[in-house]
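Listed below are the residues making up each chain.
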Amino acid sequence: MKRHLIAALAGVTMMAGPALAELTIVDLSYRTGPYGANGIPFSDGYQDYFTLLNERDGGIGGEKINLIECETAYNTEKGVECYEATKGEGALVYQPLSTGITYQLIPKVTADEIPLHTMGYGRTSAKNGEVFKWVFNYPANYWDGASLAVKHMMEQAGGSLEGKTIALVYHNSAYGKEPIRTLEKLSEKHGFNLTLLPVDHPGQEQKSQWLQIRREKPDFVLMYGWGVMNQVAIQEAVNIRFPMENFMGIWWSGSENDVKAAGDRADGYKALTFHNLGSDYPVYDDIQKYVVDTGKAAGAGDGIGSVLYNRGMYAAMLAAEAIKTAQEIHGVSDITSQQMRDGMENLEMTEEKMAEIGLPNFGPEFKVSCENHGGNGFGAVSQWDAEAGEFKLITDYFQSDQEVIQPLIEEDSMAFAKENNIEPGC
Amino acid sequence: MIYREAGDFKTSYVDDSQTFPIRFDRYGYYAALVVAFAIVPFVINDYWVNAVVLPFLIYAIAAIGLNILTGYCGQVSLGTGGFMAVGAYACYKLMTAFPDVSIIIHVILSGAITAAVGVLFGLPSLRIKGFYLAVATLAAQFFLVWLFNRVPWFYNYSASGQISAPEREVFGVAITGAETAPWAAYLFCLVFTVLSALIARNLTRGMVGRKWMAIRDMDIAAEIIGVNPLRAKLSAFAISSFFVGVSGALFFAVYLGAVEVGEAFGINKSFLVLFMVIIGGLGSIFGSFAGAAFLVILPVFLKIALADHAAVSPVSNALATLCLAIFGVALLLFLAHLVLRVFGRRLWKDLGALCGIVALIAFFAYALLSGGLGWPTDIVAHVQLIIVGALIIVFLVAEPHGLAQLWRVAKEKLRLWPFPH
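Residues numbered from 1 in each chain as written. Chains lettered and ligands numbered in written order. Predicted model: local features only at pLDDT ≥ 70, side-chain atom pairs only at ≥ 80, totals over all residues. Heavy atoms only, no water.

1. Quick notes on the overall build of chain B
This is how the line gets drawn: Each helix is a run of H or I in the DSSP string that is no shorter than four residues. Each strand is a run of E no shorter than two, and both are numbered from the N terminus. Note on method: radius of gyration uses C-alpha positions; expected globular size equals 2.2 Å times residues raised to 0.38. Whether a residue is buried, partly exposed or exposed follows from its accessible area with a 1.4 Å probe, protein chains only, as a fraction of its type maximum: under 20%, in between, or over 50%, in that order. Residues are treated as being in contact if the distance between any of their heavy atoms lies within 4.5 Å. To measure how exposed things are, a 1.4 Å probe is used in the Shrake-Rupley method; for residues, cover is taken only from the protein chains shown. The charge count treats Lys and Arg as positive and Asp and Glu as negative. His and the chain ends do not count. Charge positions come from single atoms, namely NZ of Lys, CZ of Arg, CG of Asp or CD of Glu.
The helix and strand tally for chain B stands at 17 helices and four strands. In terms of C-alpha radius of gyration, chain B reaches 24 Å, essentially the compact-globule figure of 22 Å for 421 residues. Taking all 421 residues of chain B together, the buried fraction comes to 49%. Within chain B, counting contacts between residues at least 6 apart in sequence, those at least 24 apart form 76% of the total. When the accessible surface of chain B is split by element, carbon and sulfur atoms take 72% of a total near 20,100 Å². Charge centroids of chain B, computed over 26 positive and 20 negative side chains, lie 10 Å from each other.

As structure tokens, then:
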């Protein structure tokens, strides 16, 4: 433990860490590096919500929340260091906001019995709770995203994608590669052609990919990007005058940071989302009153209500609800990470619950179970309105093609179980 | 005083040419080995292993590898990350293809495969050198990363393109995978690090090493006195790549367990290892260790000192206040010294430097004793970048031979102390 390092270096014995009767939440954030622009608002939202609970309600179930932040710079080695440094403090759940770090942590959290919540990212087949007992990825995952995008494009094309071409511009890493297999299956099913255009980390160099798009004129472009890659891609799309309404990003490619740099011409760009947008919710009044006005806001406080701030807050809200559920199940307020897992596994998000929190109609309803750690795959499409300067939902929540996704999840998770000698079961 | 040669007689050439000719050094080395092998495994925990010790040991092997090539043979290489990736992917393919073979053999074979790849990319070094060679090895870096991303065979056609290490054992003890005990991973890497250092040290002071150094110092002169440049350069590439490959295999299999090639073995890794060699000291085995320790521990240290915040006991609180006071006084004296110098006066020759160092030490002592300063994590991350960058510049300007040279000078002074003249 780092206490030992301090002690060894200083030659002074230290007392035990922070008071034990607290709910410890670790925020593996990144406020630096090529992904910092997107990491900052997420982390701000995540922290502000817990600060709000501390300030307004005195924590959750009477227990204060002890928030620890650790900077990973989206780097797996630093992420591992952060995890090891903080797990001994009694962390209840980890939310690393990085598919790379998620892959590192899946075996570690399983051995250490700490739940991992990878909301809308990470390893998609972790939806199968029979194999991935400590990993959760509700309310939606990458494969849901691919299917939702194809569904929307099909609607846009008049009900059929036969003979059309979809180009996938993706971050050339585990994150970007995740949807490929699903898209291949979907292209067989719906008869469209799939063009794959990888973009290397961090994603500033995309000239050749967009040259190819200009030459081949795909009917639709789907993007799996993050950080600086999104901005560059949208700028390039503007440069080649690609019709924006045919250009769609996954939920990680749809924040204000990504489109604003490209100016008015980015108007009409679409992105998926699994939660609602804007700041027109009662909970924001509380955040303003208890967090911002008292000077306790994380970061500069300028991102409130932006897409990624909302997502961070949504993640914190789901964690807080899981803590509440765990407290109810076990009848104790000071829960352990093992009890937290039960809370997550029995989490049920209903409209009444969200309205009660102050976030009516904010996210899809879903119920987690032992078999299904990934929710029901509901998402919606948002569109950038450059004039108003905000993303707007243009569809209702609709469900992904479970027929295609479920067998893929089964196949991938069983392969993982076989590789790692895991006995699937609840 | 205790560190001296007087009375330490050598009666044979073997004695005289050993790695640690001074008795005190030698015993220190033995003591360090005993501590590392017999004591540390019993006290080490998860955090120490995963955050500090494993990266240190593994990067030390990589630094030794690069030091052989760049420090001893003078062939600039920016391809270290790519060669580490070769080691990692070779290890992955071997682990999955031959699950029953011991992981020790896999790691060594990964090194051998990397050596072959290294020789291939070392071929241009026969015609080009300096900057041109740096660019050629840079091409190797990008090519290898692209290759491992592009060809699904290397990652066994997995959906995400990640490779992850399955559980493998040595003598029935898990070495890779999540269930690995901290001491097992530590000892496994320690054995490889110690052996690498031993082999490298003995190679570099034998005939092979002398040929490398001859090529480094002046290749034409070396050729005239009978060194075959082809064999010298290619052997340097092969042996260097062997070590880098071993470190890549350990990095993937033991330390991280799952790897994404673009991120884990990108160009940043090449630079990191190069900085280790520069800060540690070109052409020195000790320097490889010093550089690796420095660049692995410094960020962790800064993070603990500046970003974390923990409750502390009253005793250390009082000590922290004391340190803060010392820091204040030293800083004031330092500033006063600067002001006086502007007006052309000096209080005492070394006062400024001394006060600066004392202020720095007092500040970090204060930070540690008060359980971390709790600064925002992004500011600390930027401070880390500034400090590491500044240190590289300072070392290049003030002491191009790095920490190893500082260590050497300190030892020279100690041997003469207290009679410097």
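2. Things to note about the state of the cysteines
All names here are of chain A. To be explicit about the condition: Disulfides are defined as cysteine sulfur pairs within 2.5 Å.
Under the definition given, this model contains two disulfides over all chains. A sulfur-sulfur distance of 2.0 Å marks the disulfide that ties C70 to C82. One disulfide, between C70 and C82, carries an S-S torsion of -75° and so falls in the left-handed class. Here C70 is found in strand β2 (residues 65–71), whereas its partner C82 is found in helix α3 (residues 76–87), with twelve residues between them in sequence. Exposure remark for C82: the relative accessible area of 0% places this residue in the buried category.

3. Regarding the confidence of the model for chain B
The line we're drawing: Each residue carries a pLDDT value, the predictor's own confidence for that position, ranging from 0 to 100.
With 98% of its residues at a pLDDT of 70 or more, chain B shows a mean pLDDT of 90. Our summary of model confidence lists the complex with pTM equal to 0.90 and ipTM equal to 0.86.

4. Some words on unusual backbone geometry
A cis amide bond links Y138 of chain A with the next residue in sequence, P139 of chain A, at an omega value of 5°. Mapped onto the elements, P139 of chain A comes out in the loop between β4 (135–136) and α5 (142–156). Cis geometry is adopted by the peptide bond preceding P202 of chain A, which originates at H201 of chain A and carries an omega value of -5°. You can see P202 of chain A is positioned in the loop between β6 (193–199) and α8 (207–216). Backbone geometry places N361 of chain A, a non-glycine residue, at a positive phi of 55°. N361 of chain A gets classed as partly exposed once you look at its relative accessible area, which sits at 42%. Positive phi outside glycine occurs at F171 of chain B, with the angle close to 50°. Residue placement: F171 of chain B occurs in the loop between β2 (169–170) and β3 (173–174).

5. Some remarks on the pattern of salt bridges
For clarity, the threshold we go by: In the sections that follow, a salt bridge refers to a side-chain nitrogen of Lys or Arg positioned within 4 Å of a carboxyl oxygen of Asp or Glu.
Under the defined criterion, the tally for this structure stands at 25 salt bridges over all chains. With its nearest N and O atoms 3.1 Å apart, the salt bridge here joins K87 of chain A to E84 of chain A. Highlighted residues: K87 of chain A and E84 of chain A, both in helix α3, separated by three residues, approximately one helical turn. Judged by its relative accessible area of 2%, E84 of chain A falls in the buried class. A salt bridge links K87 of chain A to D46 of chain B, with the shortest nitrogen-to-oxygen separation between them at 2.5 Å. Note that K87 of chain A is positioned in helix α3 and D46 of chain B in helix α3 (residues 46–72), a pairing that runs across two chains. Assessed through its relative accessible area of 16%, K87 of chain A is described here as buried. Shared partners join several salt bridges into a network, and the residues in it are E84, K87 and D112 of chain A together with D46 of chain B.

6. Details of the interface of chain A and chain B
On the chain B side, the residues contacting the 47 residues of chain A number 44 residues. Applying the counting criterion to the chain A and chain B interface returns three salt bridges. With a shortest N-O distance of 3.0 Å, E81 of chain A and K303 of chain B are connected by a salt bridge. Those elements giving two or more residues to the side of chain A that touches chain B turn out to be α1 (2–10), β2, α3, α4 (99–112) and α6 (174–177) of chain A. Considering each element in turn, the side of chain A that touches chain B owes the most residues, nine residues, to α3 of chain A.

7. Re the environment of D258 of chain A
Residues and elements named next belong to chain A. To be explicit about the condition: Between N or O atoms, a polar contact is any pair within 3.5 Å; within protein, one atom must be a potential hydrogen donor and the other a potential acceptor, and residues adjacent in sequence are included only when both atoms are from side chains.
Structurally, the position occupied by D258 is in helix α10 (residues 256–260). Sequence separation between D258 and F242 is 16 residues, and the spatial gap between their C-alpha atoms is 16 Å. Aside from chain neighbours lying at most four places away, what touches D258 is N38, G227, N230, Q231, I234, W252 and S253. Side-chain polar atoms of D258 contact the side chain of N230, separated by 3.1 Å.

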